[in-house]
Amino acid sequence: MGIPLGFVYIAGRLPRLVPPLVLVYASSRIWIIAFKTPAPLWLRISVYMLSIPFVMTCSVLYTYICDRREAARRGAVLAPRVKSIWPGGLDTILSVMRTFRNVHIRAPFDQYCQEYGPVVNVRIMFEDQIMMTEPEHIKAILVTQFNSFEKGYALNQVSTLLGTGVFNSDGEIWKFHRSMTRPFFSKNRISHFDIFEKHVEDVLSQAKVRLREGYPVDFQDMVYRFTLDSATEFLFGKSVQSISAGLVYPKNSVPGKNNDHTNHLSNIFACAFSDAQSHTALRGRLGTFWRVAEFWSDRVKKEMEVCYKFIDPILKDALETKRSTKGGEHLEDTLLGVLINCTEGKRSIPDLTVIRDEIVNILIAGRDTTATTLTFLIYMLSQHQNILKWLRAEVLSMVGSSRRPTNDDVLNFRDQCISGVCLTCFLLCRTSTEAVVWTGIKGGSPIYIPPNTRIPYSVYLMHRGKDLWGPDADIFDLDRFLDERSKYLTSNPFIFLLFNAGPRICLGQEASDFLFFAYNKMTLFLVCLLQNFSSITLAEDVQTQPPVEWGKRAGCNPREKVVIRHHLTLYVDDSLWVQMGEPDPSDNM
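This one's a predicted model, so the numbers in the text were calculated from it and none came from an experiment.

Undergrad: Would you explain the sheet that holds strand 8 (residues 447-449) in this entry?
TA: With mixed pairing, the three strands of this open sheet are ordered in space as 1-8-7. Each having just a single partner strand, strand 1 (77-78) and strand 7 (436-438) make up the two edges of the open sheet. Direction of pairing for strand 7 relative to strand 8: antiparallel, over a ladder of three bridges. In the strand pairing of strand 8, Val436 is matched with Ile449.

So, in structure tokens, the structure goes:
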């Protein structure tokens, strides 16, 4: 058992706490020398107690004055601060923790942006966090001023989940991980549909069985299983076959009370993996203060130990295959084989740890992001029947009711329908390594960013900015990428960050390869789904819906029928339950 995280947090701040106490002690000794008697007890206790807050206050004020003077020297201003009543922004911390699970996903950051603008300083425990949604500033972080920013503090927050994988590393370690994985993603691998199609057929056949039993389908759970099974077979050469556990039943049904399904290994993994990501996301909101929230134990580590019981057998099996076959020919066509070959012989690197970290990183990229997009696309289609009918008509006219779609079919169909829902993204964070100046907002004064400042930026909020996308920004409309509204995107491409940008652009995206992997996987699933089902509706008798008061919040859709949460990606709280109808034979004619 390691040192409690709370003590690690305190130990890291001892250098700041000890000097004022030493100064008070020295002053008390001087008092004795000067007055031949100790200072009154009440005075000594009071000075000791007040010394740390006094020095911290002076330090905060001094830093603020220095930053303001440096900003003025550069012809800039500091980002506006969120007003806080309690010292250290404790009221802000409590608000963040309270809203994380109980309020709409936009809270409270959407309120900050509306009140202070797209760049706002949310101070937590006397530390600056520049929250922003401005495309030009995101472009500066990712491209034009890339070398001035790094993962920084975020590395420690996410390390229990992602280790030192490609998504959680800087500098040479990041370059090493990227160099390991990039060669695998080539078009000759990604353009093949055989693996994906097999898993699509499996999961859709199970959906038909469940619907014919008279129960709705948990679409989110179903598509997570599809992406997990297809991703593990494609990337690691062996599917974990999570769909073999069967689709879940509604909790209020008799079969839903059977614990055999819940205790299936793949379901235990999925639950632990989701919880690990949720705990990690809360760390991101709390900044460096997260160790206090997990004072006695690492919540993420506990969940990841469960996940490793699921991942380690895959890794061990691959290593045995490597040893038992000459040169590991069976692994050459898998990412896992590439990782083993890259780390083999590098004794200074803990091979198993490096490979396992990369597996978790790529699993999130290959499983969670794809499943999230498909989940929200189906939810949107269930709420927009006219678009659903149009999409299905397009599918039938393109490939008919049973023909397997080719790569060309997918290319012609995918961009519009998938891009329309990829506006659902998540929160990212960087740390400034040096002082930088950003352009002002709408002709305003330039904004000064001090060094070592955390900068969370919300792609989710940016994708819903009416000043960027027009007055109907939060309305699901696939035509926005085709009609005159496309001018918003063509004039400013950075308002739509589907695969990140700059040197950290999504793996293989610079060669359009991972784009093929993600897009084609999602589009194939959608085409097959619309071939097999003609109607999709929300099962409102089972679906957990948001409180009525959420619809009264600024920026929230009062017609929303699901509760949206986020960890590293977005998800629907308590799953997405849908009814899907099979078409009459005449409908496919």
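Undergrad: Which parts of the structure should I look at to understand the pairing of strand 13 (residues 577-581)?
TA: Consecutive side chains along a regular strand alternate between the two faces of the sheet. Counting buried residues in strand 13 gives four out of five residues, a clear majority hidden from the surface. Looking at chain direction, strand 5 (residues 217-218) and strand 13 are connected through two bridges and run antiparallel. Across the sheet, Asp218 pairs through a bridge with Trp577, a residue of strand 13. Examined bridge by bridge, strand 10 (residues 535-538) and strand 13 share four bridges and lie antiparallel to one another. From the neighbouring strand, Ile536 faces strand 13, where its bridge partner is Met580.

Undergrad: Looking at this structure, I do not really get unusual backbone geometry. What am I missing?
TA: It is generally the case that most residues other than glycine have a negative phi and that most peptide bonds are trans. The backbone of Lys442 shows a phi angle near 50°, a positive value even though the residue is not glycine. Here Lys442 shows up in the loop between strand 7 and strand 8. What makes Lys442 exposed here is its relative accessible area of 76%. For Ser575, which is not a glycine, the phi torsion comes out positive at approximately 75°. Residue Ser575 is classed as buried on the basis of its relative accessible area of 15%.

Undergrad: Mind showing me how you'd approach the state of the cysteines here?
TA: What makes a disulfide is a covalent bond joining the sulfur atoms belonging to two cysteines. Inspection of the entire model under this criterion finds zero disulfides. Free cysteine: Cys271, not disulfide-bonded; nearest cysteine sulfur from Cys307 at 9.3 Å. Judged by its relative accessible area of 46%, Cys271 is partly exposed.

Undergrad: Just checking my understanding: could you explain the nonpolar core for this structure?
TA: Burial of nonpolar side chains together is a common tendency in soluble globular proteins. Among the nonpolar cores identified, the biggest contains 93 residues, and Leu161, Phe219, Met304, Leu336, Leu381, Phe525 and Leu529 are the most heavily contacted of them. Ranked by the residues each element gives to this core, the list is headed by helix 16 (residues 351-383), at 14 residues. In this view, Phe525 contacts Val200, Val203, Leu204, Phe219, Met222, Val223, Phe226 and Leu374; residues no more than four positions away in its chain are not counted. Counting residues in each nonpolar core, the second largest holds 26 residues, with Ile138, Val459, Phe496 and Ala501 among its members.

The rules behind each value
- Residues numbered from 1 in each chain as written.
- Predicted model: local features only at pLDDT ≥ 70, side-chain atom pairs only at ≥ 80, totals over all residues.
- Heavy atoms only, no water.
- Pairing = 2+ DSSP bridges.
- Helix = DSSP H or I, 4+ residues; strand = E, 2+ residues; numbered from the N terminus.
- Buried < 20%, exposed > 50% of the residue type's maximum accessible area, 1.4 Å probe, protein only.
- Disulfide = S-S within 2.5 Å.
- Core = buried A, V, L, I, M, F, W, Y, C linked by side-chain atoms within 4.5 Å.
- Contact = heavy atoms within 4.5 Å.

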